[in-house]
Amino acid sequence: MDEVLLRSLTPSVLTVLVRRGADFAAAEDAVQDALVEAVRVWPADPPRDAKGWLVTVAWRKFLDATRSDAARRRREDLVDEEPAPGPAPAVDDTLQLYFLCAHPSLTPSSAVALTLRAVGGLTTRQIAQAYLVPEATMAQRISRAKRTVSGVRFDQPGDVATVLRVLYLVFNEGYSGDVDLAAEAIRLTRQLAAQVDHPEVAGLLALMLLHHARRTARTAPDGSLVPLSEQDRGRWDTESIAEGVEILQTALARDRLGEFQAQAAIAALHADAPTAEETDWVQIVEWYDELARLTDSPVVRLNRAVAVGEADGPRAGLAELAKLDDSLPRHTAVAAYLNERDGDLTTAARLYAEAAQTAPNLAERDHLTRQAARLNARRCR
Amino acid sequence: MAKYLLLKHYRGAPAAVNDVPMDQWTPEEISAHVQYMNDFAARLEKTGEFVDGQALAPEGKWVRYDGEGRPPVTDGPFAETKDVIAGWMVIDVDSYERALELAGELSAAPGAGGKPIHEWLELRPFLTASPTITECTFH
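Conventions we followed
Residues numbered from 1 in each chain as written. Chains lettered and ligands numbered in written order. Predicted model: local features only at pLDDT ≥ 70, side-chain atom pairs only at ≥ 80, totals over all residues. Heavy atoms only, no water. UniProt positions renumbered as here; feature names shortened; annotations may be inferred. Helix = DSSP H or I, 4+ residues; strand = E, 2+ residues; numbered from the N terminus. Buried < 20%, exposed > 50% of the residue type's maximum accessible area, 1.4 Å probe, protein only. Areas by Shrake-Rupley, 256 points an atom, 1.4 Å probe, with all protein chains shown as cover. Contact = heavy atoms within 4.5 Å. Buried area = accessible area lost by both parts, 1.4 Å probe. Salt bridge = Lys/Arg side-chain N within 4 Å of Asp/Glu carboxyl O. Polar contact = N/O pair within 3.5 Å; in protein donor to acceptor, adjacent residues only side chain to side chain. Nonpolar A, V, L, I, M, F, W, Y, C, P; charged D, E, K, R; others polar. Phe/Tyr/Trp six-rings, centres within 6.5 Å; stacked < 30°, edge-to-face > 60°.

Per an unreviewed UniProt entry, chain B goes by the name YciI family protein and belongs to Streptomyces sp. R41.

Chain A has the name RNA polymerase sigma factor in an unreviewed UniProt entry, where Streptomyces sp. R41 is given as its organism. The Sequence similarities (unreviewed entry) comment attached to chain A in UniProt states, word for word, "Belongs to the sigma-70 factor family. ECF subfamily."

So, on to the overall build of chain B. For chain B, the helix and strand inventory stands at three helices and five strands. Its helices and strands in sequence order give chain B the pattern α-β-β-β-α-α-β-β, from N to C terminus. Across the 139 residues of chain B, 22% fall into the buried class. Carbon together with sulfur atoms contributes 56% to the accessible area of chain B, which is approximately 9900 Å² in total.

In this assembly, 30 residues from chain B lie in contact with 42 residues from chain A. Across the chain B to chain A interface the summed buried area is about 3400 Å²; carbon plus sulfur atoms make up 56%. For the pair chain B and chain A, the interface holds one salt bridge. Among the salt bridges present, the one from A:R141 reaches B:D92, with a minimum N-O distance of 2.8 Å. Summed over the shared surface of chain B and chain A, the number is six residue pairs in polar contact (both at pLDDT 80 or more). Elements that contribute at least two residues to the side of chain B that touches chain A include exactly helix 1 (27-47) and strand 1 (55-56) of chain B. Here the side of chain B that touches chain A takes five residues from helix 1 of chain B, the largest share from any one element. Of the residues in the side of chain B that touches chain A, the class split is 15 nonpolar, 10 polar and five charged.

Moving on, we get to the packing of aromatic side chains. All names here are of chain A. Under the counting rule described, the total for this entry stands at three aromatic pairs over all chains. Each ring, one from W42 and one from W53, has its centre 5.3 Å from the other, and the planes form 75°; the classification is edge-to-face. Of this pair, W42 sits in the loop between helix 2 (24-41) and helix 3 (50-68) while W53 is found in helix 3, placing the two residues 11 residues apart along the sequence. Seen in terms of ring centroids, Y168 and F260 are 5.4 Å apart; in terms of plane orientation they differ by 40°. Their pairing is tilted. You can see Y168 sitting in helix 9 (residues 160-173) and its partner F260 sitting in helix 13 (residues 259-272), a full 92 residues away along the chain.

Dropping the structure here:
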């Protein structure tokens, strides 16, 4: 039994059912029933058209369930009005599933969970493990999300930007365990890019590939954070980098710039530098200017201040930093870094220790504490 | 088997014997400290005595039910830990506001006469592994 084939077909079969009018939860139940049937029947009697077989069986299961449930009569009426089930279209149309899972009525975390479940075909247990929550909690979250989107029909094109935001969130979770969410996000974005001709989809895919390429070099064996400038560039995945750069260049050539392409361009410039010293910081600042224009995000301006500090010297970076709200996350960490570059080690050590207090995660907190300790140790000698 | 929660406290307790703030240690001393804790957890995993270990952010807030939809938030009554910690619960929510709301709700658990006890709860964010993209310039 080909589990990979089944997993890859599941989203498109689900989409066919939902498009024909089945509500999301019922459609998923029906598809699960059809998969069970496939596992039972296929070994002895393999179908010629696996997807067509699954659609037919799943649709029959859905109708059975709908008819046998008197309380679902309303939905049955809905089904009656739909055109009769025809042959399953040959094109992969899971796209609608992406849009459904990124529906604006869902909270970001629900949208992420639903995408992993419906589009990614992950089990509830796998998603729960990836998010470090109990399986029962995740099951509730997913069924609540399904209820929220049940009844949503695909008569209007969805918003690609929302789908990309959800995939970006999946990537950023990035836990590695049974399920590597960063790898899963890349897989899903790759599928999306094959279906949607949109430069920002390509931009996001390029961005993910370029960041993923540096992954093994970002942490030391003991789990501590290795800053970009100290990473062993020999450990970067050059194949991923080459692919990311190529996808990005094709996207940029279309002259429809968006924030993901701009972020990917910055990542590409880092990836392209043979050493940290040879990084083209001037061009990185220019991309941050574009990014700030596109997003108006204070976090982007904070990153821009770092880049200015590298391109024009730490004083220039500190001047940029002074224009920003000092309550921004990582503001103090950036101030510490720029002060160190400027030679004021006492201030830098104090700021690193302060930044460690409000670090958003463990790796960063330890990293900042070590930075403070390093400077304090140097001053004492 | 009985479960115990070992709370690492950074403040509020009597001063430790070797009371040097962490940023005054050498980076090697910090690594050794972290390694010791990791090894400790790994050893207890092997003996089957490990349940859960998490790091908490320092910015704890005290939350108490004070009537519908208005949980007051303070930097704390700074009670002794044994006065406060009768148990703990971990929640996973979309926002800080939602966490506050739930803490307020939990604080309204009924006590004497079936009335809310208006218990103070300490709300502390977990620290987790670092994300990947959002901090582009550093990593």
